[in-house]
Amino acid sequence: MTGSRVVALGHYQPAKVLTNDDLAAMVDTSDEWITSRVGIRTRHVGGPDEPVDELAAHAAAKALASAGLQPADIDLVLVATSTAIDRSPSMSARVAARLGMGSPAVMDINVVCSGFTHALATADHAVRAGAATRALVIGADKMGDIVDWTDRSTCVLMGDGAGAAVVTADPEGGDNPGIGPVLWGSVPEMGNAVRIEGTPPRFAQEGQSVYRWATTQLPPIARTVCERAGVMPEELAAVVLHQANLRIIEPVARKIGAVNAVIARDVVDSGNTSAASIPMALSKLVERGEVESGAPVLLFGFGGNLSYAGQVIRCP
């Protein structure tokens, strides 16, 4: 068995930006109401001619270019998404076709907001076991397609986008692996707290239940993720939590104890993009040069199914 590491990242968002003032013209809300409750100011929304696999393919192409790889070099494609309407072809198969790949294994992973960290762990395990050598891991969601734009409690939260990571073997990782051990789990009896149900599917949640769970139960789990990676919270260079809303991100980050870390707050500009939020936020931090290559970064996804998954990675 060998280790694995993230060698490159990429992200993509639709061009259309929806501001809080735009939403105030649609539903009974205001910029002050939204920013004070969830910390979001803008979000990107795709049109009907921008399907999820297109967003995913754009992000993936950027990650591949950053890694200096061709699509044919990839032998595993994992797409984390909960907004794939069609059952087949899968989102991963569509992305592979868009990019002109050879014959990669393709798999979709639906764990909603923690989908990317689940997919990243799956890629790590596949590479470690020798089942893959270079994997493309994508989080992509078009939440604008499933939100009720007349419900002010949920429509103010959501945005569209995609983020991608290239994962390769890391035989020199040793005691300092590029992707640390995953800690994942769920609270099945509370799974209905976040729902995407119906025909057409619509997003709904019990916001207070999710808030209490996230801010009280998740910080000790995130600290255990650090312990498994052999990293103290104060040694983290960055913390990238699922970008649910600022009122969750800031207290959870504070309770983790990552006092020297950059805290990703992409939710302010992008809204909640579900599985896309972690890779997109991390890609932007790296693009802006806010985290040094090789520095330890905590990724921690949580949400739908009341599931969670986290790992410490070395920044590409």
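Residues numbered from 1 in each chain as written. Predicted model: local features only at pLDDT ≥ 70, side-chain atom pairs only at ≥ 80, totals over all residues. Heavy atoms only, no water.

Q: Hey, could you run me through the overall build of the chain in this one?
A: What the chain contains, in helices and strands, is 10 helices and 14 strands. Relative to the 2.2 N^0.38 estimate, which gives 20 Å for 316 residues, the radius of gyration of the chain is 18 Å and therefore close to what a compact globule would have. The principal-axis extents of the C-alpha atoms in the chain amount to approximately 55 × 45 × 40 Å. Burial status across the chain gives 58% buried among its 316 residues. Put simply, of all contacts in the chain between residues at least 6 apart along the chain, 76% involve residues at least 24 apart. Side-chain charges in the chain split into 25 positive and 34 negative, and the spacing between the mean points of these groups amounts to 4 Å. (Helix = DSSP H or I, 4+ residues; strand = E, 2+ residues; numbered from the N terminus. Rg over C-alpha atoms; globule rule 2.2 N^0.38 Å. Buried < 20%, exposed > 50% of the residue type's maximum accessible area, 1.4 Å probe, protein only. Contact = heavy atoms within 4.5 Å. Lys, Arg positive; Asp, Glu negative; His and termini not counted. Charge placed at Lys NZ, Arg CZ, Asp CG, Glu CD.)

Q: Please explain the pattern of salt bridges as it appears in this structure.
A: Between side chains of opposite charge, a pair can form when the charged atoms approach closely. Inspection of the entire model under this criterion finds 10 salt bridges. For Asp170, the salt bridge identified is with Arg5, shortest N-O distance 3.0 Å. Taken as a pair, Asp170 in strand 7 (residues 160-170) and Arg5 in strand 1 (residues 3-12) lie far apart in primary sequence, 165 residues in all. Its relative accessible area of 9% is what places Asp170 among the buried residues. Ionic pairing is found between Arg41 and Asp31, a salt bridge with its closest N-O pair at 3.9 Å. Of this pair, Arg41 sits in the loop between helix 2 (31-38) and strand 3 (42-44) while Asp31 is found in helix 2, placing the two residues 10 residues apart along the sequence. You can call Arg41 partly exposed: its relative accessible area is 45%. On the basis of relative accessibility, which here comes to 29%, the residue Asp31 falls in the partly exposed class. (Salt bridge = Lys/Arg side-chain N within 4 Å of Asp/Glu carboxyl O.)

Q: Teacher, can you tell me more about the sheet that holds strand 4 (residues 76-80) here?
A: The strands that make up a sheet are held in pairs by hydrogen bonds between backbone atoms, and each pair lies either parallel or antiparallel. Taking strand neighbours across the sheet as the criterion, the 5 strands line up as 1-7-6-4-5 in an open arrangement whose pairing is mixed. For this open sheet the edge positions go to strand 1 and strand 5 (105-109), each flanked by a neighbour on one side alone. Put simply, the sheet's adjacent strands are angled 20 degrees from each other on average, direction ignored. Across the sheet, helix 4 (residues 91-99) touches strand 4, strand 5 and strand 6 (134-142), and the angle it forms with strand 5 is around 135 degrees. On top of the sheet, helix 10 (residues 277-287) reaches strand 1, strand 6 and strand 7; it is set at about 90 degrees to strand 1, its chief contact. (Pairing = 2+ DSSP bridges. Axes fitted to C-alpha atoms, helices over the stretch in contact; angles between N-to-C directions.)

Q: Can you help me understand the sheet that holds strand 8 (residues 183-186) in this one?
A: With mixed pairing, the 5 strands of this open sheet are ordered in space as 8-14-13-11-12. Here the strands that pair on one side only, and so sit at the sheet edges, are strand 8 and strand 12 (262-263). Pairing between strand 8 and strand 14 (residues 307-314): 4 bridges, direction antiparallel. Paired with Trp184 across the two strands is Ala309, which belongs to strand 14. Contacts between helix 7 (residues 207-229) and the sheet are confined to strand 8, strand 13 (296-303) and strand 14, with strand 13 contributing the most and set at about 145 degrees to the helix.

Q: How should I be thinking about the pairing of strand 7 in this particular structure?
A: Residues in a regular strand point their side chains to alternate faces of the sheet. Most of strand 7 sits out of view: 10 of its 11 residues are buried. Across 9 bridges, strand 6 lies against strand 7 in antiparallel orientation. Its bridge partner being in strand 7, Lys142 is matched across the sheet by Asp160.

Q: It is not clear to me how the nonpolar core should be interpreted in this structure. Could you clarify?
A: The tendency in soluble globular proteins is for nonpolar side chains to be buried side by side. In this structure, Leu236, Leu241, Leu298, Phe300 and Phe302 are the most contacted members of the largest nonpolar core, which totals 49 residues. Residue assignment for this core shows that the elements contributing at least two residues are helix 2, helix 7, strand 11 (238-241), helix 8 (246-256), helix 9 (267-270), strand 13 and strand 14. Top contributing element to this core by residue count: helix 7, with 8 residues. Residue contacts for Leu298: discarding those within four places in its chain leaves Ala222, Val225, Cys226, Leu236, Ala238, Val239, Val240, Ile256, Gln311 and Val312. Core analysis: the next-biggest nonpolar cluster, separate from the first, contains 33 residues, Ala119, Val127, Ile278 and Ala295 among them. (Core = buried A, V, L, I, M, F, W, Y, C linked by side-chain atoms within 4.5 Å.)

Q: Looking at this model, I keep getting lost on the packing of aromatic side chains. Mind explaining?
A: Given two aromatic rings, their pairing is described by the distance between the two centres and the angle made by the two planes. Inspection of the entire model under this criterion finds 2 aromatic pairs. Measuring from centroid to centroid gives 6.4 Å for Phe300 and Phe302, while their planes differ by 40 degrees, and the two rings are tilted. Like Phe302, Phe300 is buried. An angle of 15 degrees between the planes, with centres 6.5 Å apart, marks the rings of Phe300 and Tyr308 as stacked. Accessibility expressed as a relative area gives 0% for Phe300, which makes it buried. Under the relative-accessibility criterion, Tyr308 is labelled buried at 15%. Among the aromatic residues, those joined into a cluster by ring pairs are Phe300, Phe302 and Tyr308. (Phe/Tyr/Trp six-rings, centres within 6.5 Å; stacked < 30°, edge-to-face > 60°.)

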